[in-house]
Amino acid sequence: MDPNVQIIIKKLIELQLLDRELVESERKHRENPRKVSELEEKIRSQREKIESEKELLKNLELEQHQKENDLKYREDKTKRVEAKIRAVRTGKEYQALLREIALTKKENNEIEEQLIRRMEELEQIRMGLVGQEEALKKGEVEVLAEIQKLQQDVEGIEVQIDRLQAQRAVITVGLQKTMLERYRRIRDRVSWNVVIEVKGGICQGCFVNVPPQLFNEVIRSDSLYQCPNCQRIIFYDGGNPGGRTPEAG
Ligand SMILES: [Zn+2]
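Undergrad: Can you walk me through the domain arrangement of the chain in this structure?
TA: Where the parts come together, the accessible area they lose is often given as the size of the interface. Assigned domains within the chain: domain 1 (28–172) and domain 2 (177–235). For domain 1 versus domain 2, the distance between C-alpha centres works out to 66 Å.

Undergrad: Help me out: how do you make sense of the sheet that holds strand β4 (residues 233–235) in this one?
TA: Backbone-to-backbone hydrogen bonds join strands into a sheet, with any given pair of strands oriented parallel or antiparallel. Within the open sheet, the 4 strands sit side by side as β2-β1-β4-β3. Their pairing is mixed. Each edge of the open sheet carries a strand with a single partner, namely β2 (202–203) and β3 (225–226). Two strands pair when backbone bridges link them, and strand β1 (residues 195–199) and β2 are joined in this way by 2 bridges, in the antiparallel orientation. If you follow K199 over to β2, its bridge partner there is I202.

Undergrad: Looking at this structure, how should I read the packing of helix α1 (residues 3–88) against helix α3 (residues 177–190)?
TA: Packed helices, taken two at a time, are described by the angle between their axes plus the distance between the axes. As a packed pair, α1 and α3 sit with axes 12 Å apart at the nearest point and diverge in direction by 45°. One way to sum up the angle between α1 and α3 is to call them oblique. Judged by the sense of rotation from one axis to the other, the crossing of α1 with α3 is right-handed. Counting all contacts with α1, which are made through I8, L12, L15, Q16 and D19, the residues of α3 involved are M179, L180, Y183 and R187. Taken together, the residues of the contact of α1 with α3 break down into 6 nonpolar, 1 polar and 2 charged.

Undergrad: Just to check I follow, could you spell out the nonpolar core for this structure?
TA: Considering soluble globular proteins, one finds that nonpolar side chains tend to be buried as a cluster. Ranked by internal contacts, the top residues of the largest apolar core, which has 22 residues, are I9, L12, L15, V195 and I233. Among the elements of the structure, α1, α2 (91–172), α3 and β4 are those that each provide at least two residues to this core. Among the elements that make up this core, the one with the highest residue count is α1 (7 residues). Taken together, domain 1 (28–172) and domain 2 (177–235) each give at least three residues to this core, which thus spans both. Counting 12 residues, the second-largest nonpolar core is a separate cluster that includes L39, I43, I50 and L57.

Calculation rules
Residues numbered from 1 in each chain as written. Predicted model: local features only at pLDDT ≥ 70, side-chain atom pairs only at ≥ 80, totals over all residues. Heavy atoms only, no water. Domains from an automatic or database assignment. Pairing = 2+ DSSP bridges. Helix = DSSP H or I, 4+ residues; strand = E, 2+ residues; numbered from the N terminus. Axes fitted to C-alpha atoms, helices over the stretch in contact; angles between N-to-C directions. Parallel < 35°, antiparallel > 145°, perpendicular 65-115°, else oblique. Left-handed = near helix turned anticlockwise from the far one by under 90°. Contact = heavy atoms within 4.5 Å. Nonpolar A, V, L, I, M, F, W, Y, C, P; charged D, E, K, R; others polar. Core = buried A, V, L, I, M, F, W, Y, C linked by side-chain atoms within 4.5 Å. Buried < 20%, exposed > 50% of the residue type's maximum accessible area, 1.4 Å probe, protein only.

Quick look at the structure:
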């Protein structure tokens, strides 16, 4: 048993645990700003929706106002015709005017009913908008708190990343450059568990049997070996079922 091999394996295991934390921290560091923009976008699109509905309401109100004016004009006109009729009171023209007044009044009534219905609809839209604005205000307060939390988290994550990188530098000190390159190559391939235990002749990374001759060599532990199937660096933990990190020496 080569104590140097044990030391290297111990260091590599520390390194992979640290790298796992580092990858996770870096993921959070990337994701938080993305979450922040998503939240900002959510609020922005809600506000835009309300603004466009307000704009629509404004146009409808204007339209309503114009129709009310039109109706007023028609009613005034009818009054003028009624005044005129009082002066006539006889003949064909009188009959014609009576019919005209009756028709106009009927139309005016219909227009008025339409306008009342429209007014009620507009009131519904107005109330809906008030509700939406209240919900948006409430939502904004919550979202702003969430954004603030995410931004504070980013600061914490940055501190964490710095700490992990400093630890990493300490761990890698005793490892040769070629060893680190080998570690990185395997990590690029398998992502996790670059260094893994062999239990009962089975690689715990890919769960494939290693050849018996190789297993014996791994047990002897006088060199670093890789699983022929998954290329992970394999070690034997003295039959310890818990699979502890091997102690140096
Ligand atoms: Zn394997």
